[in-house]
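Residue-level listing of the chains:
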Amino acid sequence: MASSIVLPSISLTKAAFGASESFRSSSSLGFKNEIRRVSRLNLEKSRVFMSVAVGSDAVVVDDALFKDYKPSSAFLFPGQGAQAVGMGVEAQKVPAAAELYTRANDILGFDLLDICINGPKEKLDSTVLSQPAIYVTSLAAVEVLRARDGGQQIIDSVDVTCGLSLGEYTALAFAGAFSFEDGLKLVKLRGEAMQDAADAAKSAMVSIIGLDSAKVQQLCDAANEEVDEANKVQIANFLCTGNYAVSGGLKGIEAVEAKAKSFKARMTVRLAVAGAFHTGFMEPAVSRLEAALASTVTSPVQWETTVKTLLSRGLKKSYELGPGKVIAGIVKRMDKGADIENIGA
């Protein structure tokens with residue numbers, strides 16, 4: 001996992017917060033292109049120089065630039081699984097937010113808002129629909145916030161933006177790394193590629209509640225002893241202590257669920273996703289994305305590390321923008337006193 005998401009004009013790394021190595025992760029920090037300036041942020045004097053090449057893992061960041069950086073206000077964007085029928089209703093009360101759905105229809109070729117508001121759930125949960133739906137609704141939430149009293153001041157105060165899995169694309173769009181339209185095109189392609197990869201093999205994801213990461217790894221090891229190579233499982237989402245998502249072949253996931261209680265897990269929750277995201281099962285999706293984005297959707301999500309870094313650096317306030325309250329729950333589990341506000345649309 002010693003690399004990062006790389007775009008033709010942007011690279012995101014854990015090193016932005018002074019870590020000793022970059023990592024391939026589906027949580028991201030937003031920076032602007034070319035000679036990187038943190039976009040829309042109050043770090044105008046900071047520069048991050050990176051070597052960037054499509055398809056390359058080479059990333060060079062001077063950690064010293066962020067040695068003394070103290071985050072103040074963060075925007076956090078959710079990933080797939082946060083979708084819910086009825087999202088987008090509040091956005092229709094704000095013209096700038098409602099307009100995003102109209103602009104999305106031209107790119108997607110279907111009525112996204114109708115699916116968001118009316119479902120049905122089974123349709124909205126599909127990867128090809130839920131990913132663009134969450135992306136658009138999350139950015140619509142920014143416009144909902146902007147329209148309220150003091151909202152623009154809050155937006156101007158934000159000095160870091162992060163995204164959980166799919167949310168990394170939303171964070172990049174908010175940070176100005178690419179336009180709303182370009183981001184949606186990438187998300188559309190990502191969703192289609194991941195759906196196809198999921199359809200090619202029987203796979204799934206399940207959240208393990210109540211165990212630390214070491215115990216979850218032991219649970220995965222025990223399950224893997226009972227299945228063939230095609231059904232192996234691994235930790236895919238490092239969300240927070242006591243909440244880790246396991247991804248892999250269907251038989252392996254079923255073995256994890258069957259053994260979870262014996263490992264003292266409090267509960268397991270099968271996730272509403274199409275397949276084993278952030279594992280080798282998504283390898284077929286990579287080639288579909290390489291022409292537009294040299295990212296990898298096959299590696300674990302290091303969200304726990306991202307949030308812990310923000311909190312340890314003294315983050316004062318954060319906002320979860322988009323459907324659901326998953327991120328707020330994770331942040332509160334890490335720090336009960338954390339100040340986080342949900343902004344829906």
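What counts as what
- Residues numbered from 1 in each chain as written.
- Predicted model: local features only at pLDDT ≥ 70, side-chain atom pairs only at ≥ 80, totals over all residues.
- Heavy atoms only, no water.
- Helix = DSSP H or I, 4+ residues; strand = E, 2+ residues; numbered from the N terminus.
- Buried < 20%, exposed > 50% of the residue type's maximum accessible area, 1.4 Å probe, protein only.
- Contact = heavy atoms within 4.5 Å.
- Areas by Shrake-Rupley, 256 points an atom, 1.4 Å probe, with all protein chains shown as cover.
- Salt bridge = Lys/Arg side-chain N within 4 Å of Asp/Glu carboxyl O.
- Pairing = 2+ DSSP bridges.
- Axes fitted to C-alpha atoms, helices over the stretch in contact; angles between N-to-C directions.
- Expected span 1.5 Å × (residues − 1).
- Arc of directions from axis to C-beta.
- pLDDT = per-residue confidence, 0-100.
- Parallel < 35°, antiparallel > 145°, perpendicular 65-115°, else oblique.
- Left-handed = near helix turned anticlockwise from the far one by under 90°.
- Nonpolar A, V, L, I, M, F, W, Y, C, P; charged D, E, K, R; others polar.
- Phe/Tyr/Trp six-rings, centres within 6.5 Å; stacked < 30°, edge-to-face > 60°.

So, the overall build of the protein chain
Across its full length, the protein chain carries 12 helices and 11 strands. Buried positions account for 58% of the 345 residues belonging to the protein chain. Pairs at least 24 apart in sequence give 71% of the contacts found in the protein chain among residues at least 6 apart. Of the roughly 13900 Å² of accessible surface on the protein chain, a fraction of 50% belongs to carbon and sulfur atoms.

Description of the pattern of salt bridges
Counted according to the given criterion, the structure contains 11 salt bridges. The partner of Glu143 in a salt bridge is Arg146, with the nearest N and O atoms 3.0 Å apart. With Glu143 and Arg146 both in helix H4 (residues 127-147), this residue pair falls three residues apart, about one helical turn. A salt bridge links Glu192 to Lys188, with the nearest nitrogen and oxygen atoms 2.8 Å apart. With Glu192 and Lys188 both in helix H7 (residues 180-199), this residue pair falls four residues apart, about one helical turn.

Quick look at helix H6 (residues 167-174)
With eight of eight residues buried, H6 is to be regarded as a mostly interior element. For H6, every residue scored as buried is listed here: Gly167, Glu168, Tyr169, Thr170, Ala171, Leu172, Ala173 and Phe174. Positive backbone phi, at 85 degrees, marks Gly176, one or two positions downstream of H6.

Here we look at the environment of Ala91
Its location among the elements puts Ala91 in the loop between strand S4 (73-77) and helix H1 (95-108). On the basis of relative accessibility, which here comes to 0%, the residue Ala91 falls in the buried class. Taking the C-alpha atoms as reference points, Ala91 and Ala345, 254 residues apart in sequence, are found 4.7 Å from one another. For Ala91, the contacting residues outside a window of four places in its chain are Ala97, Ala98, Tyr101, Ala140, Val144 and Ala345.

Section: unusual backbone geometry
The omega angle of the peptide bond from Gly119 to Pro120 is 5 degrees, so this bond is cis rather than trans. Within the element layout of this structure, Pro120 appears in the loop between helix H2 (112-118) and helix H3 (121-124). If you check the backbone angles, Ser165 has positive phi at about 55 degrees while not being a glycine. Tracing the backbone through its elements, the reader meets Ser165 in the loop between strand S5 (160-164) and H6.

So, the sheet that holds strand S7 (residues 233-240)
Spatially, the four strands line up as an open sheet ordered S7-S8-S6-S9, and their pairing is antiparallel. Each edge of the sheet is formed by a strand with only one pairing partner; in this case those strands are S7 and strand S9 (267-270). Pairs of neighbouring strands in the sheet enclose a mean axial angle of 25 degrees, with direction left out of account. The pairing of strand S6 (residues 203-209) with S9 spans four bridges and is antiparallel. Looking across to S9, one finds that Ser207 is bridged to Val269. The strands touched by helix H9 (residues 250-259) are S6, S7, strand S8 (243-249) and S9; relative to S8, the strand with the most contacts, the crossing angle is about 140 degrees.

Here's the deal with H1
Counted at 1.5 Å a residue, the expected span for H1 with its 14 residues is 20 Å, and the 20 Å between its end C-alpha atoms agrees. Looking only at H1, the buried set comprises Ala97, Ala98, Leu100, Tyr101, Ala104 and Leu108. Angularly, the buried residues of H1 cover 140 degrees about the axis, an arc narrow enough to put them on a single face. Facing away from the buried surface of H1 by more than 90 degrees, the exposed residues are Pro95, Thr102 and Asp106. Of the surrounding elements, those touching the buried residues of H1 are H2, H4 and H7. Once H1 ends, the next one or two residues include Gly109, with phi positive near 85 degrees.

Section: the confidence of the model for the protein chain
Looking at the protein chain, the pLDDT average stands at 80 and 75% of residues meet or exceed 70. Low confidence marks residues 1-61, where pLDDT is under 50. Its contacts with residues over four positions away, or in another chain, come to 174 contacts.

Points about the packing of helix H8 (residues 213-224) against H9
Direction vectors running N to C along H8 and H9 enclose 120 degrees, while the axes themselves pass 9 Å from each other. Relative to H9, the element H8 lies oblique. As for the relative orientation of H8 and H9, their crossing is right-handed in sense. Contacts from Leu219, Ala222 and Ala223 of H8 reach H9 at Gly252, Ala255, Val256 and Lys259. Of the residues that constitute the contact of H8 with H9, the class distribution is five nonpolar, one polar and one charged.

Re the side chain of Ser138
Along the polypeptide, Ser138 turns up in helix H4. Residue class for Ser138 comes out buried when judged on its relative accessible area of 0%. In this view, Ser138 contacts Phe77, Pro78, Thr170, Leu321, Gly322 and Pro323; residues no more than four positions away in its chain are not counted.

Section: the packing of aromatic side chains
Overall, the coordinates contain six aromatic pairs when judged by the stated rule. Taking the centre distance of 4.9 Å and the plane angle of 40 degrees together, the rings of Phe75 and Phe174 count as tilted. With Phe75 in strand S4 and Phe174 in helix H6, the pair connects residues that are 99 residues apart, well separated along the chain. Phe174 shares its class with Phe75; the two are buried. Aromatic side chains Phe75 and Tyr319 sit 5.7 Å apart centroid to centroid with 80 degrees between the ring planes, which places their arrangement in the edge-to-face category. Of this pair, Phe75 sits in strand S4 while Tyr319 is found in strand S10 (residues 317-321), placing the two residues 244 residues apart along the sequence. For the pair Phe75 and Tyr319, one class covers both residues: buried. An aromatic cluster is defined as three or more aromatic residues linked by ring pairs; in this entry it consists of Phe75, Phe77, Phe174 and Tyr319.

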